[in-house]
Amino acid sequence: MTREAREQKWVRKQAAPLSETAFTLLVQGVLDYGIFMLDPHGYIISWNAGAERIKGYSASDILGQHFSVFYPPEDQEAGKPQWELETAVADGRLEDEGWRVRKDGSRFWANVVITALRDENGVLQGFGKVTRDMSERRAAQHALSERRRLFDHLVQAQETERRRIAWDVHDDSIQAMVAVGMRLELLAERVPETYSAELRRLDTSVREAIGRLRSLTFRLHPPGIDRHGLVDGLSSHLDDVVGVSWGMAYSFDHELEREPTPETAITIFRIVQEALLNVHKHARASKVDIQVRSVDGGIVTRVMDNGTGAPMSQDGSREHFGVIEMRERAETAGGWWSMYSRPGTGTTVEFWVPNPAATPTDEAP
């Protein structure tokens, strides 16, 4: 037999229908899925090793019983098992996720597919049922939801404290210093010229300190971010601070599929705010470009300047508080953060944070 003939024979053999024995071995050998059959009335007529592993029943325990034994009492009382069979008959199949019960009475979260099986004449012969234990995935989703809930509470608590400090500084410290400045100005007009010059210098220092405090209160709680959303909040900050106060050119490009949650918006705003402050203090840049886009179920943001682009030192000595704070904010939100630069071409701060849609929480068993 030639090599070509042997290859054709092998291909025909591989394409031949799987024998009933081989198919039974395949089904019985699957351990990650419970695969079994029901008669037209819902009684169990076959059982594989995966079903035994997931549900805890051996074949001798369960064959001949009604499949409703796997459902919690509240579902049995509501008629859910029969409803699922009727839906499978009407639609050809049904897929569901919900609580199921093992032999020992413990519950697990299952993904279930029920398929109506008919002969060549369309007569119902029974049902095929495939069950998968999704408890670990559900637990991971709950852990992620809990982490997100704690993160939201942390962001809200931080912003509340920042707002309180900003109000205290504005209503107490700044007002007291304004009063001191007014008194210094009044005294400077009443004392001899020898002393008035010194008083005016003091008055100037007080006014400069007041300006720095007002800038601090703005950074602590910038107006707009919690009322108008991320894009408007960033636009206002760029206009008022980067453009007017710093006199720096900037661009702002944004493409968001939907407005982020308030906590996500605040997280992005705070990281951008810190990145811009670093540009102002250290980069010696004349322009900064901001990009905000929806990517991979979250929001990726880039802050790019045209400054000196001093490289990060190998020992991490440039890991000053602002850099650490930016990274920790992004990572605490479940995202990532990076900064890269090249001498003479500027620095880019890039980060991504998830922007999950609100979903209802499943009830505990």
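Residues numbered from 1 in each chain as written. Predicted model: local features only at pLDDT ≥ 70, side-chain atom pairs only at ≥ 80, totals over all residues. Heavy atoms only, no water.

> Break down the overall build of the chain for me, with residues and values.
Regarding its fold elements, the chain presents twelve helices and nine strands. Sorting the 365 residues of the chain into buried and exposed places 38% on the buried side. Considering only residue pairs separated by 6 or more positions, the chain has 56% of its internal contacts joining residues 24 or more positions apart. Carbon and sulfur atoms form 54% of the exposed surface of the chain, whose accessible area is close to 21400 Å². (Helix = DSSP H or I, 4+ residues; strand = E, 2+ residues; numbered from the N terminus. Buried < 20%, exposed > 50% of the residue type's maximum accessible area, 1.4 Å probe, protein only. Contact = heavy atoms within 4.5 Å. Areas by Shrake-Rupley, 256 points an atom, 1.4 Å probe, with all protein chains shown as cover.)

> Account for the pairing of strand S5 (residues 249-255), with residues named and values stated.
Both S5 and strand S6 (residues 287-295) contribute to a ladder of seven bridges, which runs parallel. From the neighbouring strand, Glu-255 faces S6, where its bridge partner is Arg-293. In this fold, the crossover linking S5 to S6 by way of helix H11 (residues 262-283) has left-handed handedness. (Pairing = 2+ DSSP bridges. Right-handed = clockwise from strand over helix to strand, strands pointing away.)

> Please set out the pattern of salt bridges residue by residue, giving values where relevant.
Across all of its chains, the model carries 16 salt bridges by this definition. For the salt bridge of Lys-103 with Asp-61, the shortest nitrogen-to-oxygen distance reads 3.0 Å. Here Lys-103, found in the loop between strand S2 (93-101) and strand S3 (107-118), pairs with Asp-61, found in helix H4 (residues 59-62); they are 42 residues apart in sequence, far enough to count as distant. Look at Asp-61 and you get partly exposed, because its relative accessible area is 30%. With a shortest N-O distance of 3.0 Å, Arg-302 and Glu-350 are connected by a salt bridge. With Arg-302 in strand S7 (residues 298-305) and Glu-350 in strand S9 (residues 346-354), the pair connects residues that are 48 residues apart, well separated along the chain. Overall, the relative accessible area of 24% leaves Arg-302 in the partly exposed class. (Salt bridge = Lys/Arg side-chain N within 4 Å of Asp/Glu carboxyl O.)

> Go over the sheet that holds strand S8 (residues 336-342) with me, naming the residues and quoting the values.
Note on sheets: strands pair through backbone hydrogen bonds, and any given pair is parallel or antiparallel. Read from one edge to the other, the open sheet built from five strands follows the order S5-S6-S7-S9-S8, with strand pairing classed as mixed. The open sheet has two free edges, formed respectively by S5 and S8, since each of these has just one partner strand. With direction set aside, neighbouring strand axes in the sheet form an average angle of 10°. Lying on the sheet, helix H10 (residues 230-245) is in contact with S5 and S6; it crosses S5 at an angle near 175°. (Axes fitted to C-alpha atoms, helices over the stretch in contact; angles between N-to-C directions.)

> Describe unusual backbone geometry, listing the residues and the values that go with them.
Most of the time, phi is negative for any residue but glycine, and the peptide bond is trans. Even without glycine at this site, Arg-284 takes up a positive phi of about 55°. Topologically, Arg-284 is positioned in the loop between H11 and S6. Since its relative accessible area comes to 70%, Arg-284 is described here as exposed. For Asp-296, which is not glycine, the phi dihedral falls at a positive 50°. Structurally, Asp-296 can be placed in the loop between S6 and S7.

> Help me get a handle on the packing of aromatic side chains, residues and values and all.
How two aromatic rings sit relative to each other is given by the distance of their centres and the angle of their planes. Applying the stated criterion to the full structure yields six aromatic pairs. On the basis of an interplanar angle of 50° and a centroid distance of 4.9 Å, the ring pair of Phe-36 and Trp-47 is categorised as tilted. Note that Phe-36 is positioned in strand S1 (residues 34-38) and Trp-47 in the loop between S1 and helix H3 (49-55), a separation of eleven residues in sequence. Aromatic pair Tyr-57 and Phe-70: ring centres 5.8 Å apart, planes at 65°, arrangement edge-to-face. Taken together, the residues Tyr-57 in the loop between H3 and H4 and Phe-70 in the loop between H4 and helix H5 (73-77) connect sequence positions 13 residues apart. Each of the two residues, Tyr-57 as well as Phe-70, counts as buried. Taken together, the ring pairs in this structure connect Phe-36, Trp-47, Tyr-57 and Phe-70 into an aromatic cluster. Against the face of Phe-70 rests Lys-55, its NZ or CZ located 4.1 Å from the ring centre. The cationic tip of Arg-138 hangs over the ring face of Trp-109; the distance from NZ or CZ to the ring centre is 4.3 Å. (Phe/Tyr/Trp six-rings, centres within 6.5 Å; stacked < 30°, edge-to-face > 60°. Lys NZ or Arg CZ within 6 Å of the ring centre and 35° of its normal.)

> Account for the confidence of the model for the chain, naming residues and giving values.
A residue-level look at the chain finds 83% of positions with pLDDT of 70 or above and a mean pLDDT of 82. The lowest-confidence element of the chain is helix H1 (residues 3-15), averaging 54 in pLDDT; the highest-confidence one is helix H6 (residues 80-91), averaging 95. Low confidence marks residues 359-365, where pLDDT is under 50. Its contacts with residues over four positions away, or in another chain, come to eight contacts. (pLDDT = per-residue confidence, 0-100.)

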